[in-house]
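A closer look at the structure
One-letter residues, chain by chain:
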Amino acid sequence: MTEYSEKHKPKSDNQTATDQLINDQTIKVTVNNNLELDPATLWLIDDDAALRMVLADTFEDAGLTVISFTQAQAAWARLNDMLQENESQVQLPDVILTDIRMPMMDGLSFSDWVHQHFPKLPIVIMTAHSDLTSAINSYQTGAFEYLPKPFDLDDAVATIYKAINYQPNLTATTYQTDANTSNTNATTDHTAESSTEFDVKVEPTGQTHPTSTSNETKKSKAAKTKVKNNTNPVISTNHNINDNPSGIIGQSQAMQTVFRAIGRLAHSPITVLITGESGTGKELVASALHQHSPRNQQPFIALNMAAIPHDLIESELFGHAKGAFTGATTTRPGRFEQADGGTLFLDEIGDMPFSTQTRLLRVLANGEFYRVGGQQPIKVNVRIIAATHQNLEELVKQGKFREDLFYRLNVIRLPLPPLRTRREDIPALATYFMKRAAEQMDTALKQLHPMAVQIMQSFEWRGNVRQLENVCLWLTVMATGDTVMPEDLPPELLENASSNLEQYQEQQSYSDNLSSQSQINQEQPISTVLSWQQALAVWAEQVLQTGETDILQTATPEFERVLLTAALKHSGGKKIAAANLLGWGRNTLTRKLQQLEITTPKEQRNSE
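Note that this is a predicted model, so its numbers are computed, not measured.

Basis of the calculations
- Residues numbered from 1 in each chain as written.
- Predicted model: local features only at pLDDT ≥ 70, side-chain atom pairs only at ≥ 80, totals over all residues.
- Heavy atoms only, no water.
- Helix = DSSP H or I, 4+ residues; strand = E, 2+ residues; numbered from the N terminus.
- Expected span 1.5 Å × (residues − 1).
- Buried < 20%, exposed > 50% of the residue type's maximum accessible area, 1.4 Å probe, protein only.
- Contact = heavy atoms within 4.5 Å.
- pLDDT = per-residue confidence, 0-100.
- Pairing = 2+ DSSP bridges.
- Axes fitted to C-alpha atoms, helices over the stretch in contact; angles between N-to-C directions.
- Phe/Tyr/Trp six-rings, centres within 6.5 Å; stacked < 30°, edge-to-face > 60°.
- Lys NZ or Arg CZ within 6 Å of the ring centre and 35° of its normal.

Bringing helix H10 (residues 253-265) into the picture now. If you check H10, its first and last C-alpha atoms are 18 Å apart, about what 13 residues at 1.5 Å a residue would give, namely 18 Å. Of the positions making up H10, those classed as buried are Met255, Gln256, Val258, Phe259, Arg260, Ala261, Ile262, Gly263 and Leu265. In this structure, the buried residues of H10 make contact with helix H5 (132-140), strand E5 (145-148), strand E8 (272-275), helix H11 (282-291), strand E15 (383-388) and strand E16 (412-415).

The share of residues in the protein with pLDDT of 70 or more is 73%, and the mean pLDDT across the chain is 75. In this model residues 514-529 is a low-confidence stretch, pLDDT under 50, and it forms five contacts with partners more than four residues away in sequence or in other chains.

Turning our eyes to something else, we now look at the sheet that holds E5. If you walk across this open sheet you meet the five strands as E2-E1-E3-E4-E5, and the pairing is parallel. With partners counted over all chains shown, the strands left at the sheet margins are strand E2 (65-69) and E5, one partner each. For this sheet, the mean angle separating the axes of adjacent strands, direction not counted, is 20°. In this structure, strand E1 (residues 41-45) lies alongside E2, joined through five bridges in parallel fashion. From the neighbouring strand, Leu44 faces E2, where its bridge partner is Ser68. Running over the sheet, helix H4 (residues 107-117) touches E1, strand E3 (95-99) and strand E4 (123-127) and is turned about 170° from E4. Here H5 sits on the sheet in contact with E4 and E5, set at roughly 155° to E5.

Ring pairs (aromatic) are described by centroid distance and by the angle formed between their planes. Taken as a whole and assessed by the stated rule, the structure comprises ten aromatic pairs. Each ring, one from Trp76 and one from Trp113, has its centre 6.0 Å from the other, and the planes form 65°; the classification is edge-to-face. With Trp76 in helix H3 (residues 72-83) and Trp113 in helix H4, this residue pair connects regions lying 37 residues apart in the sequence. Per residue, the accessibility class of Trp76 equals that of Trp113, and both read buried. One aromatic cluster in this structure is built from Trp76, Trp113 and Phe118. Just above the ring of Phe318 sits the side chain of Arg359; from NZ or CZ to the centre is 4.4 Å.

Shown next as structure tokens:
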């Protein structure tokens, strides 16, 4: 569920027409802020009725005209009517906000189809399954933006505002200019990868369609043909939302930022500089950028600058000619040649010798280099992804890193968060590594006790994700039994575990008290009773420790159920009185009763 904001409160059902008129006069959002136009139209697609209602109220309060759909199939049918000229395209929305997982047609298939037939119509995709694959698939289907749930309503409104005033042609031109200035190979790649070139085809509406050589686009074109012939209105794709081939896991806000960046950068040839502490997964991110790019059928070559002797780095990177030095009995191609057409990942770039930095700068400038001892220039088309755990700005000040090379590499910087700043991801990561370790060791999968998980979450993890992976491998080998208990953890995790165990026991005592709170005498002083906020905090901590996600989706209906039941009891089952107690309108209360399957005392008597 989304977080509520005081700025954008949902309207109650008993809001007067005068209030609505005032809102319409004070807030009006139009395309390109042209006040002479009608308010911008948003199509909202989500099969969650409660969330759809909250979002619709929010966007209407923000000055938009909102048309809601319970599934993408219905929105597709209206757009297809416009495509077949059965309905006027004047009714096209200015932006679409859609969920991913829905019956009949998923949001990714819908976005892909819309991007093919209405390329200038921006789509924002939201999903509770906020993994890397979902983010990348969203952008590959032409989505303007990707919103992982839970998101703040103010952020959602700001994103929709940006999408309404989005000018694809202008943005594409700016992007192409940036790419040209940062990478000499960008022009060639951009021509192949960009969707700004259009191939005009004869269609009922005269739409133009982007030309692409990717497999995904070919699937989309096949689906488009089916739609035109109306032989199969449901577009099916092979999107596997649960698939996680990259091994990059995280539900935290920091990792959502990383996923969003990978999704945006994957189809760009632009140079990327990945920064972060050792063990944060820099090579995994570089590999993901390559695997989801148009170069994914070409080589991905990874080279660690710190692992190669300084006197061999130039030969390793650029190769050498026969007779270039003693022992060079044959001509040997370097890593740049091996990565031609693909991606070269230069890990620990801060450890590169100063002399080699000069030669690398030339390759980045014009794509040419000479083998060691060679006489002929060699031209390559390689995307460079660099990574470091060092502060390159500080190395530049110290004269250990070339300033011009730094600015060549620092086109797009992608910082990776350390594990200790995203502790909420540790349960999911540990579960993943325990499963992988069991497969590697060909042994039974061991479960982690909640207390052991809590100790792992409180640990500092100076080695980050790599250290966590090694601990899970150690536990798979050394721990006895099917469940990993706190005493089974390695010594370094248990050194400061006493305070963590005390905290856990404190939370357990709070939990034990929850069941007895309803039996406490009403005359007992309120100071001795555990408040509902404390109880909620204890519950949230416990379910998060078990690795659960989307806890708002679980908590919000129960929260509403408790308040609604209490209001009905207080009002003697009178709906209007209960609605007033809750600050709802009667229609809202009736809708909630249906959604939560709550029956009033009167309805119970009638059923009897």
